[in-house]
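Letter by letter, the chains look like this.
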Amino acid sequence: MSPQPADLNTDGPRLEAGPRTVHWGYFDATLKPIREIASGERITISTVSGRRDVIPPASFRIPAPLQDVLDNVEQPCPGHICTGPLAVRGAKPGQVLEVQIEAIALHYDWGYTAVRPKAGALFDVVEEERLFFSRLNASRGVATLPWGQEVALRPFFGVMATAPPPSWGRVSTLPPRTNGGNLDNKELVAGSTLYLPIHCEGALFSVGDGHGVQGDGEVCVTAIETGLIGTFTLRVRDDLDLTWPQAETPTHVITMAFDEDLDHAVELALAQMLDLLEARTGLDRAQAYALCSLVADVRVTQVVNGAKGIHVMLAKHDLEACPAR
């Protein structure tokens, strides 16, 4: 999709990233919400990404909100700058937060990609860190890489999360977990819906880690890292029972899982898809397993965030063709 203009011109409240509206590097169920909204309410949220050591040269414009955050917000844990958290009225542990991603726009006209020694899927590619700054053209929907190549933009938020269980305390945003977080799932563009387990009162939704475009795997650790603006409708669902995040696009249903062992992540994500098929269709588990071998795609979400990610995609037309329960 081509990114929309930065002013989304949407109804509903807007939450701007700034020193008083972001938390940097961590999730914590004790964070006080920036705002409370009703279940089913639409809200537009801006985000910023970057650190002092990845600020581009003077030929690029540094947005004031990013500079304000860098100057005034502490980073107690390695991780991302997240806007939020937002409390959703009536949300309780055991329920599910439905996050409808209605629109995504660019917040910057640039983004960066970093490679560094002993990081990413391949540890021996570079001997020193290198930064690549790309120019982002919203009207054309392309990023121009520093060597002149153009790639199509497909913006999405790498981090969307509810608060973790209170017993976890403060945790880094870097590894994805059952509360979501650093999913880095490139399918979660505008028009997709994410479902997140709720672990504390109010759900406490946060978002950040804007990506201009990313391939499955995110193999060098970074995508085109940039600031984004998203419009979301947040809805509490008490008719769903999830242990792990799930999602759907206009064409597919998606199950996800994360683990340090990629093989185990495959097992977890695939088992969830079998659960979904058994719950929604008349297939038994063996039939669901056979069907997944024929029409489901097991994809590597990312391999660079500590807990590696797998997502399983099943086309809705294949789901709808199954015998009814």
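Cut-offs used in this document
The written sequence of each chain sets the order in which its residues are numbered from 1. Residues qualify for local features only when their pLDDT is at least 70, as the model is predicted, and side-chain atom pairs are given and counted only at 80 or more; totals for whole chains, interfaces and linings, by contrast, use all residues. In computing side-chain properties, one takes all heavy atoms of the structure into account and sets aside hydrogens as well as water. The working definition used for a salt bridge is a side-chain nitrogen of Lys or Arg within 4 Å of a carboxyl oxygen of Asp or Glu. To sort residues, take the accessible area from a 1.4 Å probe on protein chains only and compare it with the maximum for the residue type: under 20% means buried, over 50% means exposed, and anything in between is partly exposed. Secondary structure elements follow DSSP: runs of H or I no shorter than four residues count as helices, runs of E no shorter than two count as strands, and numbering proceeds from the N terminus. Contacts are assigned to residue pairs that have any heavy atoms within 4.5 Å of one another. Scored from 0 to 100, pLDDT reflects the predictor's confidence in each residue. When the centres of two rings from Phe, Tyr and Trp lie within 6.5 Å, Trp using its six-membered ring, the rings pair. Their planes under 30 degrees apart give stacked, over 60 give edge-to-face, and anything left gives tilted. Think of it this way: DSSP has to see at least two bridges between two strands before they count as a pair. To obtain an axis, a line is fitted to C-alpha atoms, over the contacting stretch when the element is a helix, and the angle between two such axes runs from 0 to 180 degrees between their N-to-C directions. By convention in this document, the label disulfide applies to cysteine sulfur atom pairs within 2.5 Å.

Counted by the stated rule, this structure contains 14 salt bridges. Among the ionic pairs, Arg237 bridges to Asp239, the shortest N-O distance being 2.8 Å. Look at Arg237 and you get buried, because its relative accessible area is 19%. Residues joined by salt bridges that share partners form a network here, namely Glu98, Arg235, Arg237 and Asp239.

Along the chain, Gln246 falls in strand E19 (residues 246-248). We classify Gln246 as buried; its relative accessible area is 12%. Excluding residues that lie within four positions of it along the chain, Gln246 makes contacts with Thr193, Leu194, Tyr195, Ile254, Thr255, Met256, Gln272 and Leu276.

All right, on to the confidence of the model for the chain then. Mean pLDDT over the chain: 96, with 97% of residues reaching 70 or higher. The element-level mean pLDDT for the chain is lowest in helix H1 (residues 64-72), coming to 96, with strand E15 (residues 193-197) highest at 99. Predicted confidence is poor over residues 1-7, with pLDDT under 50, and the contacts of this stretch with residues over four places away or in other chains come to 24 contacts.

Considering all chains together, one arrives at 7 aromatic pairs under this definition. When the centroid spacing of 6.3 Å and the interplanar angle of 65° are considered together, the rings of Trp110 and Phe133 count as edge-to-face. Pair noted here: Trp110 is in strand E8 (residues 110-115) and Phe133 is in strand E9 (residues 130-137), with a separation of 23 residues, a long-range link. For Phe133, a relative accessible area of 15% translates into the label buried. The interplanar angle of 85° and the centroid separation of 5.7 Å between the aromatic rings of Phe132 and Trp147 together place this pair among those described as edge-to-face.

Attention now moves to the pairing of strand E7 (residues 96-106). The buried fraction of E7 amounts to 9 of the 11 residues, a majority that puts the element mostly inside the structure. Of the pairings in the sheet, the one linking E7 to E15 comprises 5 bridges and is antiparallel in character. When the sheet's bridge partners are listed, Leu97 is paired in E15 with Leu196.

Bringing the sheet that holds E15 into the picture now. Across the sheet, which stays open at both edges, the 9 strands sit in the order E1-E5-E18-E7-E15-E19-E20-E22-E21 with mixed pairing between neighbours. Looking at strand neighbours, the two that pair on one side only are strand E1 (14-15) and strand E21 (297-302), the edges of this open sheet. Of the pairings in the sheet, the one linking E19 to strand E20 (residues 252-259) comprises 3 bridges and is antiparallel in character. Looking at the pairing, Gln246 lines up with Thr255 of E20. Along the sheet, helix H2 (residues 262-280) contacts E19, E20, E21 and strand E22 (308-315); its crossing angle with E20, the most-contacted strand, is approximately 145°.

We now examine the state of the cysteines. For the coordinates displayed, the defined rule picks out 0 disulfides. Sulfur of Cys77: no disulfide; nearest cysteine sulfur belongs to Cys82 and is 11 Å away. Unpaired in this structure, Cys322 has its nearest cysteine sulfur neighbour in Cys292, at a distance of 8.9 Å. With a relative accessible area of 13%, Cys322 lands in the buried category.

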